[in-house]
Amino acid sequence: MTALNGINVLEIASNLGAEYAAWILAEQGARTIKVEPPSGAAHRGFPHFHVLNRSKRSLFFDSLSAANKPRIEEIIRWADIIVTGATPARLAAIGQDFDSIRRINPRAIAVNLPPLGSRGPLAEFDANDDLVAAFGGITGSQWARSSNPVALVFPAASYSAGLMAATAATAALCARGANGPGQAVEVSLLAGAFSLQTGGILHHESMTRLYHGPQDPLGPIPVYRLFQAGDGEYFFAACGNTTFWGKFAIALERPDLVADERFESAPWGIPSAHWQELKDIIEPIIRTRPRAEWLRILRDADVPNAPVMTRKEFIDWEQTRALGMRQELDDPTLGATVQMGLPFFLRDTPGAITNASPAAGDERGALEWLADNRARDARPAAALPTVNSGKGPLDGVLVLDFASYIAGSYGPMILAQLGAQVIKIESLEGDSFRHFGFGFLGWNQGKRGLALDLTKPEGREIVHRLAARADVIVENLRPGRMRRFGYDYDSLAALNPRLVYMSVNGFGNRGPEHNQPGFDPLLQARSGVMAAQGGPHAHPVYLTCAICDYGAAMVSALGCVMALYARQQTGRGQFCETSLLQASMAMQAGEFIFYSGRPNLENGDPERRGSSALSRAYSCRDGEWLFISVEASRQWDALRSALAAIPALDWNTARSEPADSRLSAALESAFGPLSRTVIIERLRHAGVPIVPVRHFKEMFDDPQIAANELIAEVTHPEFGKVLQTGMLTKFSATQAKIERAAPLLGQHTDEILRAYLGYDDAKIAALRADRIVR
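If you're wondering where the values come from, they're calculated on a predicted model, not measured in any experiment. (Residues numbered from 1 in each chain as written. Predicted model: local features only at pLDDT ≥ 70, side-chain atom pairs only at ≥ 80, totals over all residues. Heavy atoms only, no water.)

### A look at the overall build of the chain
Along the backbone of the chain there are 32 helices and 27 strands. Here the C-alpha atoms of the chain give a radius of gyration of 26 Å, agreeing with the 28 Å that 2.2 N^0.38 yields for 774 residues. For the C-alpha atoms alone, the extent of the chain along its principal axes is close to 75 × 60 × 50 Å. Burial status across the chain gives 63% buried among its 774 residues. Excluding contacts between residues fewer than 6 apart, the proportion of contacts in the chain whose partners are at least 24 apart in sequence is 76%. Surface exposure of the chain reaches about 27,600 Å², of which carbon and sulfur atoms provide 49%. (Helix = DSSP H or I, 4+ residues; strand = E, 2+ residues; numbered from the N terminus. Rg over C-alpha atoms; globule rule 2.2 N^0.38 Å. Buried < 20%, exposed > 50% of the residue type's maximum accessible area, 1.4 Å probe, protein only. Contact = heavy atoms within 4.5 Å. Areas by Shrake-Rupley, 256 points an atom, 1.4 Å probe, with all protein chains shown as cover.)

Structure below.
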């Protein structure tokens, strides 16, 4: 049995994010039908299509034709979930808006992924991923030595939104139950961009940035960065705490560096004035040996490190294979392929790849599914009333969060945004990421805090009693560590068989490298994204957007919700797991496919402004940047009409012009004398796709962001009012609220012990006196 056994999904009018969400649902057991135009989807034959449409079946017809209206209505009646990716006006035009859907099928959950949200001045702007990444802060925040914007070489915002939408759709299934009404769900691609940056999209009058020195695309600080070894190969050393810094200095045979007063606040507190001095000391040492030797030396010294690999090397790596993340599929269009596996595992209701992407024109599988479900057409057509309950789809779910860092902590925060009650359980010393200051708020919003000594019998009793009542546990210790305390799945499931237990780690729970420390940049290095972003002719690039950490957190939340839905069917909880390794591939899903004739997807550059002259960032007179993405001949004609001195190129020639070309030089000259405001107003009026390249500081008063309530004001007990990311998923009937800011260490200890365990004041005081709780 799979988690979504018996669930039917219709994908229609989709963008890349919607396609991704439907793919996730399909490989967790949902029967997923994709509606394509009669000639097939325009991106058939491109790598992304053949990963994101695995395990689906297709129908081919014109969904806009009135003659096909009965066919569309038949599939809507068949579906439990309808996934779209369109602006509100386009949905209404094709009859896929929620009001139209629920008149046909009151139980349907309508999930839409509009580009920039369904409200606000840009609600009808059909922005692609490049434009969303620019508007949503990803392009503007990527470091470059020039300090100019850098466009990523993969569609991070769409992948992120797809993960969030699959999670939201499954949560809505949990809320619907067996007989309830459906509802509308929205996760914009812009929300997907925000979900990758919750630790950065923060504003407070006294806030300072952790990284305050010059931008370095090799890494944020001198000992947490990429290094080039003596043979020219690169590796990443991740000395993220004082222990690793000390071990690194010893491995370099320079233990004196630890006592050097210039570096005494290492690793994160080194004054930026001394960064280059430390680099100048370390880099010549690293160049004295080949990479393989350094990897051995650092591993023996217990310093976290990883080689920079290509995507092909990574998918062939023994640890990737051990997790089942290298799959061979015969694709009817591409032939023999190697693709990524599943991004998470559910022990009792595992997902599966059921088939390669369907061949163009092959409707047999989809028609079989529809024929098997004709009886569902008899459901009443009258729409049931949909009233917002004010409670999230996971209302009543209790989550115990034993996690830390971003990869562990952000997943339970997502569950809190879905309405779950989340208790963050910390040691008396607290989560080590509390030293990141305001960033901690971006990964722990909505939780309550409990601090206790997890090693003492009294502390274990508290955990065991809470676990007996909990629905979900999330942890991200290295494999085997929870077992030492008696907090592993088998021990806690014996107390509570309905428990959903999610384990998040670096490299999985099996395989030859499973017990290595895992940090976001180590998986960036191994997974090939650093090499792809740097391109074939330059150094690899450290991504400031922590896709592996955030990806693992989003995948863990998805796995938890899938297991909760499966529990509704089986009555049992189960063990679930994901890893940074799997997340690094999930966040590059469409790139992890290899076959004869595959195009080059590893063609970045440390100063990459975009993919072509007509899809890239340009600077303006006021020092601000904008991003255009011209994808049609009519838009090219409009651009030429709106700007003077643009070469009179035909459309086919213009769209083939590279990012650094005669056309891009002409556009730079045209944009340079004008202010960004003037250019955007002129080109939008002409119908040219264009957005400003936003930085974090610009997010808090933007009308489009405000209209879609992507920024929230929370009150923190220490900092007061703080602006940060708001509700990233929208539900028409079960919209949760942000109840609180991230907790102080142990802030709610007394409240939790009273409410959940019935402890009185005397017992709590005794525990505090004995330093069991804080």
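That was the structure; now back to the text.
### Focus: the packing of helix α3 (residues 69-78) against helix α16 (residues 364-372)
At a minimum axis distance of 10 Å, the contact between α3 and α16 shows a crossing angle of 65 degrees. With respect to the hand of their crossing, α3 and α16 are arranged in left-handed fashion. Counted together, Arg 71, Glu 74, Ile 75 and Trp 78 of α3 and Leu 367, Trp 369 and Leu 370 of α16 form the full contact between these two elements. Split into classes, the residues belonging to the contact of α3 with α16 amount to five nonpolar, no polar and two charged. (Axes fitted to C-alpha atoms, helices over the stretch in contact; angles between N-to-C directions. Left-handed = near helix turned anticlockwise from the far one by under 90°. Nonpolar A, V, L, I, M, F, W, Y, C, P; charged D, E, K, R; others polar.)

### Digging into the packing of aromatic side chains
Applying the stated criterion across every chain, the model contains 26 aromatic pairs. With centroids separated by 4.7 Å and ring planes inclined at 65 degrees, the aromatic side chains of Tyr 405 and Phe 433 adopt a geometry described as edge-to-face. You can see Tyr 405 sitting in helix α17 (residues 405-417) and its partner Phe 433 sitting in the loop between β15 (421-426) and α18 (438-444), a full 28 residues away along the chain. A centroid spacing of 5.6 Å and a plane angle of 80 degrees characterise the contact between Tyr 410 and Tyr 550, whose relative ring orientation is edge-to-face. Placement of the pair is Tyr 410 in helix α17 and Tyr 550 in helix α24 (residues 547-570), with a sequence separation of 140 residues. (Phe/Tyr/Trp six-rings, centres within 6.5 Å; stacked < 30°, edge-to-face > 60°.)

### So, the nonpolar core
One recurring pattern in soluble globular proteins is that nonpolar side chains are buried together. Leu 25, Ile 81, Phe 248 and Tyr 410 are the most contacted members of the largest nonpolar core, which totals 177 residues. In this view, Leu 25 contacts Leu 4, Val 9, Ala 30, Thr 32, Ile 81, Val 83, Ala 166, Ala 169, Thr 170 and Met 562; residues no more than four positions away in its chain are not counted. By size, the runner-up hydrophobic cluster in this structure holds 31 residues, among which are Leu 400, Tyr 487, Leu 753 and Leu 767. (Core = buried A, V, L, I, M, F, W, Y, C linked by side-chain atoms within 4.5 Å.)

### Re the side chain of Ser 503
Inspection of the secondary structure puts Ser 503 in strand β18 (residues 500-505). A polar contact is formed between the side chain of Ser 503 and the side chain of Glu 475, at a distance of 2.9 Å. Residues contacting Ser 503, with those up to four places away along its chain left out, are Glu 475, Asn 509, Phe 575, Cys 576, Glu 577 and Thr 578. (Polar contact = N/O pair within 3.5 Å; in protein donor to acceptor, adjacent residues only side chain to side chain.)

### Points about the packing of helix α26 (residues 633-642) against helix α29 (residues 676-686)
In contact at an axis separation of 9 Å, α26 and α29 are set at 135 degrees when each is read in the N-to-C sense. Relative to α29, the element α26 lies oblique. Read as a crossing pair, α26 and α29 show a hand that is right-handed. Listed contacts from α29 to Ala 638, Leu 639 and Ala 642 of α26 are Arg 682, Leu 683 and Ala 686. Grouping the constituent residues of the contact of α26 with α29 by class yields five nonpolar, no polar and one charged. (Parallel < 35°, antiparallel > 145°, perpendicular 65-115°, else oblique.)

### Focus on the pattern of salt bridges
This model, assessed by the stated rule, comprises 47 salt bridges. The residue Asp 302 makes a salt bridge to Lys 247 at a minimum N-O spacing of 2.8 Å. A residue pair is termed long-range when its members are at least 10 positions apart, and Asp 302 in the loop between α13 (291-300) and β10 (305-307) and Lys 247 in helix α10 (residues 242-251) qualify at 55 residues. For Lys 247, a relative accessible area of 27% translates into the label partly exposed. Several salt bridges share partner residues, and in doing so they unite Arg 145, Asp 216, Arg 225, Lys 279 and Glu 283 into one network. (Salt bridge = Lys/Arg side-chain N within 4 Å of Asp/Glu carboxyl O.)

### Details of the sheet that holds strand β7 (residues 202-203)
If you trace the three strands from one edge of the open sheet to the other, you get β7-β26-β25, paired in antiparallel fashion. The open sheet terminates on both sides in strands that have one partner only, identified here as β7 and β25 (711-716). Across six bridges, the pairing between β25 and strand β26 (residues 720-725) is antiparallel. Each bridged residue has a counterpart across the sheet, and for Val 714 the counterpart in β26 is Val 722. (Pairing = 2+ DSSP bridges.)

### Thoughts on the state of the cysteines
Scanning the entire structure with this criterion turns up zero disulfides. Unpaired in terms of disulfides, Cys 576 finds its nearest cysteine sulfur in Cys 560, a separation of 6.1 Å. (Disulfide = S-S within 2.5 Å.)

### What to know about the confidence of the model for the chain
Overall, the prediction assigns the chain a mean pLDDT of 95, with 98% of residues at 70 or greater. Here residues 377-385 scores under 50 on pLDDT; set against residues more than four positions off or in separate chains, the count is 25 contacts. (pLDDT = per-residue confidence, 0-100.)

### Side note on unusual backbone geometry
Between Ala 266 and the following residue, Pro 267, the backbone shows a cis peptide bond with an omega angle of 5 degrees. Mapped onto the fold, Pro 267 is located in the loop between α11 (256-259) and α12 (275-286). In this structure, Ser 147 takes a positive phi of about 65 degrees despite not being glycine. Structurally, Ser 147 is set in the loop between α7 (138-141) and α8 (156-176). For Ser 147, a relative accessible area of 46% puts it in the partly exposed group.

### Concerning the side chain of Gln 183
Positionally, Gln 183 belongs in the loop between α8 and β6 (184-186). A distance of 2.9 Å separates a polar atom in the side chain of Gln 183 from the backbone nitrogen of Ala 733.

### Remarks on helix α28 (residues 662-671)
Listing the buried residues of α28 in full gives Leu 663, Ser 664, Ala 666, Leu 667, Ala 670 and Phe 671. Taken down its axis, α28 places every buried residue within 160 degrees of arc, on the same side. Across α28 from its buried face, at more than 90 degrees, point the exposed residues Arg 662 and Ser 669. Packed against the buried residues of α28 are β22 (615-619), β23 (625-629), α26, α27 (651-654) and α29. (Arc of directions from axis to C-beta.)

### Topic: the pairing of β15
In terms of burial, β15 is a largely internal element, five of the six residues being buried. By the bridge criterion, four bridges tie strand β14 (residues 398-401) to β15 in an arrangement that is parallel. Its bridge partner being in β15, Asp 401 is matched across the sheet by Lys 424. At this point the chain moves from β14, through α17, to the parallel β15, and the crossover so formed is right-handed. In the sheet, β15 pairs with strand β16 (residues 448-451) via four bridges, with the strands oriented parallel. Bridge assignment links Ile 425 to a residue of β16, and that residue is Leu 450. One crossover worth recording links β15 to the parallel β16 by way of α18, and it is right-handed. (Right-handed = clockwise from strand over helix to strand, strands pointing away.)

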